[in-house]
Amino acid sequence: MRSRLLLSISVLGGMVCLQEPAVTGEMHVGEHQVRDAVQRSLIWLERSAHRSLTERRQCFTCHNQGLPMMVLASAGRRGFLIDEAELQRQTQATATFLTRNIDGYRAGKGQAGQVFMAGYALWALDDVGWPADDTTAAVAEYFLKSHADDDHWTTKTQRPPSEGSPFAATFLGLMSLDRYGTPEQQPRIAERRQRALVWLSQTPAVETEDRVFRLRGLHAAGAPATVIERAAHDLLNWQQHHGGWGQEESLTADAYATGTALAALHQAGGIATDHPRYQRGMRYLLDTQAQDGTWHVASRSVPFQAYYESGYPYGDDQFISMSAASWATLALTLGLPETPAP
């Protein structure tokens, strides 16, 4: 079994406070190192997102549009000079994609990719500050009608790690309703949120993706601090000795699992980015970044769509590697102070 780090957690003032032995032989990750790593990664993310949108004008993709949009927005808030025109292009393309499917959303039918595609599209739009409109209201209606008789959201598609976890689907449902639900939808939203909270509280996670989005889901559902504390503890307990997370217990660490874990621990679990455990994770990401600024993660999913070249390296592994790079870069930017560029 992999080596794991055990710790105890307490909650003070809404923040998770970790009690563990002092970290020896480790130094705080330098800001200049983080900025260099982020800058080298941003070049690839912008370039590949642009090429992907050019190649597939009618399709929104989570790995080549949604996640890079979130990273660019985060980087822009921390002083990086990003391609604002490209971010606007990606944003408008995402909104246009959703609008083309507006009738299906209102009917509760959605689109190909189901809750994952609709949810990641709304998540990205929210991150860049897209205002609520008729289209976002229609997508919220889709989430209310989707799996209406269940206590959580799920999908038939299984493309691990980034598509298939019911915890991720449930978080996307809760987040979408929270950010873009209309006043008229609020009674139904409250009922769905309560049912999802019970399911999230009682259902154990299996893989890292489950643990990451169980934590995010509990936070989005307004779970008590003690429940969020336990979920953060569960995720932290699977950090390996070198600072990274693996997608499964039997797998070695990679940038995808590590990036998703760190971002969730900070954004939903309240873990400070200067804490030694977060710093360990950042150090792992810096150490595993390729010289050209990319990260490579091997695909676990069985392909069912025609291959197309997005410009990101690693051939058949390019899409999961692009997702991994986005999450890794986001986790690194979160460790930097917000200082918007001129």
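The structure displayed is predicted, hence computed values, not measured ones.

**Considering the overall build of the chain**
Regarding its fold elements, the chain presents 13 helices and four strands. Buried positions account for 55% of the 342 residues belonging to the chain. The long-range fraction of contacts in the chain, counting pairs at least 24 apart against all pairs at least 6 apart in sequence, stands at 73%. Approximately 14,400 Å² of the chain is accessible, and the part contributed by carbon and sulfur atoms is 54%.

**Re the packing of aromatic side chains**
For any pair of aromatic rings, the description rests on two quantities: the centre-to-centre distance and the angle between the ring planes. On inspection of all chains with the given rule, the structure shows eleven aromatic pairs. Taken together, a centroid distance of 5.0 Å and an interplanar angle of 70° make the contact between Trp123 and Phe171 edge-to-face. Of this pair, Trp123 sits in helix 5 (residues 114–127) while Phe171 sits in helix 7 (residues 166–180), placing them 48 residues apart in sequence. Assigned by exposure class, Trp123 and Phe171 land together as buried. Between the aromatic rings of Phe167 and Trp199, the centroid separation amounts to 4.8 Å while the plane-to-plane angle is 35°, which identifies the pairing as tilted. In this pair, Phe167 sits in helix 7 while Trp199 sits in helix 8 (residues 186–202), placing the two residues 32 residues apart along the sequence. On the basis of relative accessibility, which here comes to 3%, the residue Phe167 falls in the buried class. Classification of Trp199 as buried rests on a relative accessible area of 10%. Following the ring pairs from residue to residue traces out a cluster consisting of Tyr120, Trp123, Phe171, Phe213 and Trp327. Its end group placed over the ring of Phe80, Arg35 keeps NZ or CZ at 4.9 Å from the ring centre.

**Looking at the packing of helix 6 (residues 134–145) against helix 7**
Running from N to C, helix 6 and helix 7 cross one another at 140°; their axes reach a closest spacing of 9 Å. With respect to helix 7, the element helix 6 is oriented oblique. Classified by chirality, the crossing of helix 7 by helix 6 is left-handed. Of the residues in helix 7, those in contact with Thr136, Ala137, Ala140, Phe143 and Leu144 of helix 6 are Leu172, Gly173, Ser176, Leu177 and Tyr180. Its residues placed into classes, the contact of helix 6 with helix 7 shows seven nonpolar, three polar and no charged.

**So, the layout of surface pockets**
Here the second largest pocket defines a volume of roughly 340 Å³. Surrounding the second largest pocket, 18 residues form its lining, Trp123, Asp127, Arg179, Arg216 and Gln267 being those nearest its centre. Elements with a minimum of two residues in the lining of the second largest pocket: helix 2 (62–76), helix 5, helix 7, helix 9 (208–220) and helix 13 (318–334). Top element by residues in the lining of the second largest pocket is helix 7. It accounts for four residues. For the lining of the second largest pocket, the per-class residue count stands at eight nonpolar, three polar and seven charged.

**Some thoughts on the packing of helix 1 (residues 31–55) against helix 2**
The relative placement of two packed helices is expressed as an angle between their axes plus a distance between the axes. Interhelical geometry of helix 1 versus helix 2 gives an angle of 140° and a closest axis separation of 10 Å. Taken together, the axes of helix 1 and helix 2 are oblique relative to one another. The chirality of how helix 1 crosses helix 2 is left-handed. Listed contacts from helix 2 to Leu42, Leu45, Glu46, Ser48, Ala49, Ser52 and Leu53 of helix 1 are Asn64, Gln65, Pro68, Val71, Leu72 and Ala75. Residues of the contact of helix 1 with helix 2, tallied by class, amount to eight nonpolar, four polar and one charged.

**Considering the pattern of salt bridges**
Throughout the structure, instances matching the rule amount to 15 salt bridges. Between Lys145 and Glu141 there is a salt bridge, and its shortest N-O distance comes to 3.7 Å. Of this pair, Lys145 and Glu141 both sit in helix 6, four residues apart, roughly one helical turn. Within the structure, one salt-bridge network assembled from shared partners comprises Asp126, Asp178 and Arg179.

**Considerations on helix 3 (residues 84–100)**
In this model, helix 3 (17 residues) spans 24 Å end to end at C-alpha, consistent with the 24 Å of a helix rising 1.5 Å per residue. What helix 3 keeps buried is the set Glu86, Leu87, Gln90, Thr91, Thr94, Ala95, Phe97 and Leu98. Buried residues belonging to helix 3 abut helix 1, helix 2, helix 4 (102–106), helix 5 and helix 6. Put simply, Asp83 is the residue that caps the front of helix 3, since its side-chain oxygen is 3.2 Å from the backbone nitrogen of Ala85.

**Looking at the confidence of the model for the chain**
Looking at the chain, the pLDDT average stands at 90 and 89% of residues meet or exceed 70. A low-confidence stretch, residues 1–17 stays under pLDDT 50, and its non-local contacts, those more than four residues away or across chains, total 50 contacts. A low-confidence stretch, residues 21–25 stays under pLDDT 50, and its non-local contacts, those more than four residues away or across chains, total two contacts.

Calculation criteria
- Residues numbered from 1 in each chain as written.
- Predicted model: local features only at pLDDT ≥ 70, side-chain atom pairs only at ≥ 80, totals over all residues.
- Heavy atoms only, no water.
- Helix = DSSP H or I, 4+ residues; strand = E, 2+ residues; numbered from the N terminus.
- Buried < 20%, exposed > 50% of the residue type's maximum accessible area, 1.4 Å probe, protein only.
- Contact = heavy atoms within 4.5 Å.
- Areas by Shrake-Rupley, 256 points an atom, 1.4 Å probe, with all protein chains shown as cover.
- Phe/Tyr/Trp six-rings, centres within 6.5 Å; stacked < 30°, edge-to-face > 60°.
- Lys NZ or Arg CZ within 6 Å of the ring centre and 35° of its normal.
- Axes fitted to C-alpha atoms, helices over the stretch in contact; angles between N-to-C directions.
- Parallel < 35°, antiparallel > 145°, perpendicular 65-115°, else oblique.
- Left-handed = near helix turned anticlockwise from the far one by under 90°.
- Nonpolar A, V, L, I, M, F, W, Y, C, P; charged D, E, K, R; others polar.
- 1 Å grid on protein atoms, 1.4 Å probe; cavity = no way out; pocket = protein on both sides within 12 Å on 5 of 7 lines; lining within 4 Å.
- Points joined across faces, edges and corners; volume = space filled by probe spheres on them.
- Salt bridge = Lys/Arg side-chain N within 4 Å of Asp/Glu carboxyl O.
- Expected span 1.5 Å × (residues − 1).
- Polar contact = N/O pair within 3.5 Å; in protein donor to acceptor, adjacent residues only side chain to side chain.
- pLDDT = per-residue confidence, 0-100.

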